[in-house]
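Summary of the model geometry
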Amino acid sequence: MAGDDEDARAAAETAARRSYGRLVAYLSARTRDVAGAEDALADAFAAALESWPRSGVPANPEAWLLSVARRRAIDTVRRRITSVNATDHLKLLAEERADDSSDGAVPDERLRLMFACAHPALDAGVHAPMILQTVLGFDAAAIASAFLVSPATMSQRLVRAKSRIKQAGIPFRIPEPSELAARLDGVLSAIYAAYAEGWVDAAGSDSRRRNLAGEAIWLGRLVTSLLPDEAEAPGLLSLMLFAEARRPARRDADGDYVPLGEQDMERWDHALIGEAEALLRRASSFGETGRFQLEAAVQSAHCARRYTGRTDWPAIRRLYDALSTLSASPVVAINRAVAVSNCDGPAAGLSELARIAGDPRLASYQPYWAALADLEGRCGNFEAARAAFDRAIGLETDQAVRAFLARRRAAMIH
Amino acid sequence: MQYMLLIHMDESVMATATAQPGYEMSSPYAAYGEALVKAGAMVSGDRLKPSSSATVVRVRGDKTEVLDGPFADTKEQLGGFYIIEAPDLDAAIQWAARCPGAQLGTIEVRPTGKCNRHGGR
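What counts and what doesn't
- Throughout, residues of each chain are indexed from 1 in the direction in which the sequence is written.
- All chains are assigned letters beginning at A, and all ligands numbers beginning at 1, according to the order in which they are written.
- Given that the model is predicted, a residue must reach a pLDDT of at least 70 before its local features are reported, and side-chain atom pairs must reach 80 or more before they are shown or counted; all residues, however, enter totals for whole chains, interfaces and linings.
- Hydrogens and water are ignored here; the side-chain numbers use all heavy atoms of the structure.
- Labels follow the DSSP assignment, with helices taken as runs of H or I lasting at least four residues and strands as runs of E lasting at least two, numbered in each case from the N terminus.
- A simple rule labels every residue: compare its accessible area, found with a 1.4 Å probe on the protein chains alone, to the largest value its type can have, and call it buried under 20%, exposed over 50%, or partly exposed in between.
- Two residues qualify as a contact provided that any one of their heavy atoms is within 4.5 Å of a heavy atom in the partner residue.
- Residue burial considers only the protein chains on display, and all accessible areas are found by Shrake-Rupley using a 1.4 Å probe.
- Lys and Arg are tallied as positive, Asp and Glu as negative. Neither His nor the chain termini are counted.
- Taken as the charge centre is NZ of Lys, CZ of Arg, CG of Asp or CD of Glu, depending on the residue.
- Throughout, an axis means a line fitted to C-alpha atoms (over the contacting stretch in the case of helices), and angles, computed between N-to-C directions, take values from 0 to 180 degrees.
- Throughout, the term roughly parallel applies to angles under 35 degrees, roughly antiparallel to angles over 145, roughly perpendicular to angles from 65 to 115, and oblique to all others.
- Crossing handedness follows the turn of the near helix against the far one: under a right angle anticlockwise gives a left-handed crossing, and clockwise gives a right-handed one.
- The classification used treats Ala, Val, Leu, Ile, Met, Phe, Trp, Tyr, Cys and Pro as nonpolar, Asp, Glu, Lys and Arg as charged, and all other residues, Gly among them, as polar.
- A pair of aromatic rings is counted whenever rings of Phe, Tyr or Trp (Trp by its six-membered ring) have centres within 6.5 Å, and the orientation is called stacked for planes under 30 degrees apart, edge-to-face for over 60 and tilted otherwise.
- Nonpolar cores were defined as sets of buried Ala, Val, Leu, Ile, Met, Phe, Trp, Tyr and Cys residues, with membership established by side-chain atoms within 4.5 Å.
- Multiplying one less than the number of residues by 1.5 Å gives the expected span of a helix.
- It is the directions from the helix axis to the C-beta atoms that the arc portrays.

The next subject is the overall build of chain A. When helices and strands are counted, chain A shows 20 helices and zero strands. Projecting the C-alpha coordinates of chain A onto the three principal axes gives extents of approximately 75 × 50 × 40 Å. Looking at the 414 residues of chain A, the share that counts as buried comes to 50%. Nonlocal contacts in chain A, meaning residues at least 24 apart in sequence, comprise 65% of its contacts between residues at least 6 apart. Put simply, chain A shows about 19,100 Å² of open surface, and 52% of that area lies on carbon and sulfur atoms. In chain A, the 51 positive side-chain charges and the 55 negative ones have mean positions that sit 3 Å from each other.

What follows is the structure, given as structure tokens:
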């Protein structure tokens, strides 16, 4: 019965991928016991692999998994007879069952789960890993390698965050309208952090990171569909799609790094850019400016080079002006300095950079040194430029970008 | 769930405020306590005497050591507390933000042992 076995395995895996987050969210929304829900689900998937080859794949695999997971959860709680909370926990599980809809569909609590994962009472660094694990089912080792920490460290952070959700009583709730914008920013930032981790791997050759960008876009689509009236959700999705559209053009045929201004526009994904433009228009129709919309608008301005043949730097500078009023981020300041240099010349850009030179975070931030090197070079300060190039090269982990910086450094010597 | 709101503040600021002529157990706290009671969230709460009145006790072996002063000698001291009933952390944070002590000091929000009594969302 090898064929049936494979079918069952494939069906379980399909159900796992499609409904993992939905089931975790539903099973933990009431009890706030994320780890317990994950354990119960793992048992349910194991049971499915064992039973489906014999009995066939059930008509509604999700409902089957839910009822098995729920029985496991109840058994586990019952075994904890010493716990004074066991009765309360069982009561919550019973309430959840009574709440089931009659058509067998599992209610979608994923958005509530994401708000719990990105709650301000949890360390911001664990928001994205928590969402990746609970909504998408990434294991700790995969998340650890994507975020460049050891599996043990990541696993410990995730365990701590889950126990904090339960113990501190972090709610699975879509925040009140008065708090929604601020709290949504936490969720969107976590999704963007996941995207950024995936984006680092330009060539798509790092299998640990390859899926991260795609999964982040999937989460962006999910949030946009679940919160259709929040401008920043399509704003973020638009930003990610603009970036994704340019992914193939970031390396040339030889695998060398190509900076944005020199990319072959034919290699941009024009359908994706079209979708990003439409999302940005939709976002701006709400009349509420936000960081992700502004960053998407910057990307849109860069992509407009397709039609005009030139980059509208004054427009990009105005967008960065607006962004810098929203956040004091040195990243925004660096990009703004580059935009200023392209409008008013390299000396003007340098004096913008000088305003943030004291920020200690910049010491190890490659883009700052690369921008400084470029502007010093354009001003004819070759010695300062070379020192900054050396610093940038030393900080860069991507071989292709290092080689690009080295070429720029060498080209400067006449 | 039950949460304890621990009000940490700089005692010298408190001392200056309470030394003002005509000072009474500040009306903001009275109003806040009333709001907690009205909402059915109040379990208990009180102000603490200055940390200079604190005594630290510990037993090591068969010896009971008694020392004067607070447990930790920090700039901000525990000045008072509330134990409140709240459905979740967000509700507890909202109460903490309304506490007059949050304006000058810092409120620490800690769930008590009675976790998950209510699972309301």
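Residues and elements named next belong to chain A. Two elements in contact, helix 5 (residues 110–117) and helix 6 (residues 127–136), have axes whose closest approach is 9 Å; the angle formed by their N-to-C orientations is 150°. One way to sum up the angle between helix 5 and helix 6 is to call them roughly antiparallel. Considering the relative orientation of helix 5 and helix 6, their crossing is right-handed. On helix 6, the residues that touch R110, L113, M114 and C117 of helix 5 are H127, M130, I131, T134 and V135. A class-by-class count of the residues in the contact of helix 5 with helix 6 yields six nonpolar, two polar and one charged.

One pass over the full model with this rule turns up six aromatic pairs over all chains. Considering the side-chain rings of Y257 of chain A and F404 of chain A, the 4.8 Å spacing of their centres and the 65° angle between planes classify their relative orientation as edge-to-face. Remark: F404 of chain A occurs in helix 20 (residues 399–411) and Y257 of chain A occurs in the loop between helix 11 (232–245) and helix 12 (270–284); sequence separation between them is 147 residues. Note on Y257 of chain A: relative accessible area 24%, which makes it partly exposed. Since its relative accessible area comes to 11%, F404 of chain A is described here as buried. Centroid distance Y32 of chain B to W95 of chain B: 6.2 Å. Interplanar angle 70°. Geometry classified as edge-to-face. A residue pair is termed long-range when its members are at least 10 positions apart, and Y32 of chain B in helix 2 (residues 27–38) and W95 of chain B in helix 3 (residues 89–98) qualify at 63 residues. Taking the relative accessible area as the measure of exposure, Y32 of chain B reaches 4% and is therefore buried. A connected cluster of aromatic rings, assembled from ring pairs, spans Y32, Y82 and W95 of chain B.

M114 and V223 of chain A together with Y82 and I84 of chain B are the most contacted members of the largest nonpolar core, which has 122 residues in total. Beyond its immediate stretch of four places on either side in the chain, Y82 of chain B contacts Y3, M4, L5, I7, Y29, Y32, L36, M42, S44, G45 and C99 of chain B. Membership of the second largest hydrophobic core comes to 21 residues, among which are A337, L362, A370 and A385 of chain A.

Residue and element names in this part refer to chain A. Along its 18 residues, helix 8 (residues 151–168) runs 25 Å from first to last C-alpha, staying within 8% of the 26 Å computed at 1.5 Å per residue. Listing the buried residues of helix 8 in full gives M154, L158, A161, K162, I165 and A168. Buried positions in helix 8, seen along its axis, are confined to an arc of 155° and lie on one side of it. When the buried face of helix 8 is taken as reference, the exposed residues oriented beyond 90 degrees from it are A152, V159, R160 and Q167. In the segment just after helix 8, G169 is the residue with positive phi, at about 75°.

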